[in-house]
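# Analysis of the macromolecular model
As a plain string of letters, each chain reads:
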Amino acid sequence: MSYAARHERVSALFRALAAPLRLAIVELLIVHHQLHVHEIVEATGAPQTLTSQHLRILRDAQLVERAQDGRSIVYRLTDPEIAGLVAAAVRLFGDLP
């Protein structure tokens, strides 16, 4: 992968994490490993449509993946390294809860 391509991927990753709601979703998935959409909605207090939009952005950035669980969808992180990245960034401003 060229430097330019790698830098574009890294930039896309940080853009995906830039929104507070998306960061909150990722932190929830770090703690719980996988969650149904309704659980993410309940935990964040954000409307379901807004949560789904942010989950799509996280999916497009390949940070989360979804799987069918009966009639529901569950989300999980695509790579455990994402947890370390987010934890390091959050530590800059205080500990994770």
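For the structure, check the block above.
This text gives an overview of the structure that appears in the document. (Residues numbered from 1 in each chain as written. Predicted model: local features only at pLDDT ≥ 70, side-chain atom pairs only at ≥ 80, totals over all residues. Heavy atoms only, no water.)

It is worth spelling out a nonpolar patch on the surface at this point. On the surface, Val10, Phe14 and Leu85 cluster together into a nonpolar patch covering about 250 Å² of accessible area. You can see Leu85 is positioned in helix α5 (residues 81-91). (Patch = residues over 30% accessible without salt bridge, like charges linked within 9 Å, V, L, I, M, F, W, Y side chains within 5 Å. Areas by Shrake-Rupley, 256 points an atom, 1.4 Å probe, with all protein chains shown as cover. Salt bridge = Lys/Arg side-chain N within 4 Å of Asp/Glu carboxyl O. Helix = DSSP H or I, 4+ residues; strand = E, 2+ residues; numbered from the N terminus.)

Here the focus is the environment of Arg9. Checked against the element boundaries, Arg9 lands in helix α1 (residues 3-17). Residue classification places Arg9 among the partly exposed positions, given a relative accessible area of 47%. Distance in space between the C-alpha atoms of Arg9 and His32 is 26 Å, their sequence separation being 23 residues. Residues within four places of Arg9 in sequence aside, it is in contact with Met1 and Gln62. (Buried < 20%, exposed > 50% of the residue type's maximum accessible area, 1.4 Å probe, protein only. Contact = heavy atoms within 4.5 Å.)

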